[in-house]
Amino acid sequence: MSSHRSVVHSPESDLIAALDIGGTKIAGALVDRDGVLLHRARRPTPAKESADALLDAVYEVVSALATHPLWGRVRAVGIGSAGPIDLTHGTVSPVNIPAWRNYPLLEYVGRHPALSRRRVMLAGDAVAMSAAEHRHGAARGHRNALCLVVSTGVGAGLVLNGGVHHGITGNAGHLGHISIDFDGDPCPCGARGCLETIASGTAISRHALALGWQPPLTADADATAVAAAARDGEPAALAAFDRAARALAAGIAATAALVEIDIAVVGGGVAQSGGVLFEPLARHLRRYAALPFLRELRAVPAELGPDAGLVGAAVLAAAGVPAVTTVLVDGSR
């Protein structure tokens, strides 16, 4: 007998419960087959607290979803988590969540009583974003794509031959930690000159300040404020975005030369800067993507915004994934 529930569902009526776990928030939603979020829940991530406190916050989100009248239609759960992750063991070690190191997130989330006998699936957050943009967003119709999340860090995922490419451990496409400057700044990952140290929102604001940019007294010294200054023509802000765009262009072009993608979809908070990022990015991409087979390569804004992680986790869970990335439990903590 199958270990799955015996309840018969119409595929059109099935829903997926999705979780998006990051360093600042734990978001949850009930998602339909068209990627529409029908109900949401959210809690701040207690990133500096204990592993149990973090799991309690995840459980609160799951419980908030489970009280909704639509919960009975949920057939699977998708989790997109900050990484690195390890699909083989169902563990996560998010850089910005210190208490979770080799933490068995897949198993522990699956123990929530509301998830009894529902399949639970794990993916990296950037891989989930890639699945969302490929199914419902800017990478639709492309068999080979790179999807990036440029925010406080730089994450990425690959779509190859029409499907999301997880890699052996679930971390394939981790473009933010490819070194593009071997004399560059040390990176928290242990390497030097990583793309993330140049192109992340944190790096953009840090470089703008080093060039003499002075944030307004009423604004934080973050990438959003730098972008506003760049739109006003402030030279240091423009230079910081140009540097970040050049680094992104180099990484995107290198990826395209390796696996022949034809589109790069750029999302995350920094992508909300608009033209101050995408105009220099297009210019630099023409310089780095110089080989004939890269001439059609282009970088475009993501379409799904902050919901991409939830939508992508639902896409992956609905599609089904290799057994090493799923659990099916009776629900007990």
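Look a little higher up for the structure.
A. Quick look at the sheet that holds strand 8 (residues 145-150). Strand order across the open sheet formed by five strands is 10-9-8-11-12, with mixed pairing between neighbours. If you trace the sheet from one side to the other, it starts and ends with strand 10 (163-165) and strand 12 (298-301), each paired once. Going across the sheet, the axis of each strand differs from the next one's by a mean of 30°, ignoring polarity. Here four bridges tie strand 11 (residues 263-267) to strand 12, and the two strands are oriented parallel to one another. Looking across to strand 12, one finds that Ile263 is bridged to Arg298. In the packing of helix 3 (residues 125-136) onto the sheet, contacts are made with strand 8, strand 9 (154-160), strand 10 and strand 11, and the angle to strand 9 comes to roughly 50°. Helix 7 (residues 235-259) rests against strand 8, strand 9 and strand 11 of the sheet, and its axis sits at about 155° to strand 8.

B. View of unusual backbone geometry. In this structure, Pro84 follows Gly83 across a cis peptide bond, with omega equal to 10°. By secondary structure assignment, the location of Pro84 is in the loop between strand 4 (74-81) and strand 5 (85-86). Backbone geometry at Arg117 places phi at a positive 60°, although glycine is not the residue there. For Arg117, the location among the structural elements is in the loop between helix 2 (105-110) and strand 7 (119-124).

C. Focus on the nonpolar core. Counting 44 residues, the largest nonpolar core has Leu146, Leu148, Val226, Phe241, Leu248, Ile252 and Leu281 as the members making the most contacts within it. Looking at this core, the elements that each hand over two or more residues are strand 8, strand 9, helix 4 (196-199), helix 5 (201-210), helix 6 (223-231), helix 7, strand 11 and helix 8 (275-288). A total of twelve residues in this core trace back to one element, the largest contributor, which is helix 7. Setting aside residues up to four positions removed in sequence, Val226 forms contacts with Ile204, Ser205, Ala208, Trp213, Ala237, Ala240 and Phe241. Counting residues in each nonpolar core, the second largest holds 33 residues, with Ile21, Tyr59, Val61 and Trp100 among its members.

D. Spatial organisation of the pattern of salt bridges. The final tally for this structure, using the stated rule, is seven salt bridges. We note a salt bridge from Asp20 to Lys25, for which the minimum N-O separation is 3.5 Å. Overall, Asp20 belongs to the buried group, its relative accessible area being 8%. The closest approach of N and O atoms between Arg111 and Glu107, which form a salt bridge, is 2.2 Å.

E. Looking closely at helix 3. In a regular helix each residue adds 1.5 Å, so twelve residues correspond to 16 Å; helix 3 covers 16 Å between its end C-alpha atoms and thus fits that length. Helix 3 sits mainly inside the fold: nine of its twelve residues count as buried. Lining the buried residues of helix 3 we find strand 7, strand 8, strand 9, strand 10, strand 11 and helix 9 (308-319).

F. Representation of the packing of aromatic side chains in the model. In the structure shown here, the tally under the stated rule is two aromatic pairs. Relative to Tyr103, the ring of Trp100 lies with its centre 4.8 Å away and its plane at 10°, an arrangement referred to as stacked. The class for Trp100 is buried, based on a relative accessible area of 0%. Overall, Tyr103 belongs to the buried group, its relative accessible area being 7%. Seen from their ring centres, Tyr103 and Tyr108 are 5.3 Å apart, and the 80° between their planes marks the pair as edge-to-face. Using a relative accessible area of 25% as the deciding quantity, one classes Tyr108 as partly exposed. Grouping aromatic residues by their ring pairs yields a cluster made of Trp100, Tyr103 and Tyr108. The ring of Tyr288 has Arg287 sitting right over it, with the charged end atom 5.6 Å from the ring centre.

G. How the structure looks around the environment of Ser63. Tracing the chain through its elements places Ser63 in helix 1 (residues 51-66). Here Ser63 falls in the partly exposed class, since its relative accessible area comes to 31%. Through-space distance from the C-alpha of Ser63 to that of Asp262 is 41 Å; in sequence the pair is 199 residues apart.

Criteria and thresholds
- Residues numbered from 1 in each chain as written.
- Predicted model: local features only at pLDDT ≥ 70, side-chain atom pairs only at ≥ 80, totals over all residues.
- Heavy atoms only, no water.
- Pairing = 2+ DSSP bridges.
- Helix = DSSP H or I, 4+ residues; strand = E, 2+ residues; numbered from the N terminus.
- Axes fitted to C-alpha atoms, helices over the stretch in contact; angles between N-to-C directions.
- Contact = heavy atoms within 4.5 Å.
- Core = buried A, V, L, I, M, F, W, Y, C linked by side-chain atoms within 4.5 Å.
- Buried < 20%, exposed > 50% of the residue type's maximum accessible area, 1.4 Å probe, protein only.
- Salt bridge = Lys/Arg side-chain N within 4 Å of Asp/Glu carboxyl O.
- Expected span 1.5 Å × (residues − 1).
- Phe/Tyr/Trp six-rings, centres within 6.5 Å; stacked < 30°, edge-to-face > 60°.
- Lys NZ or Arg CZ within 6 Å of the ring centre and 35° of its normal.

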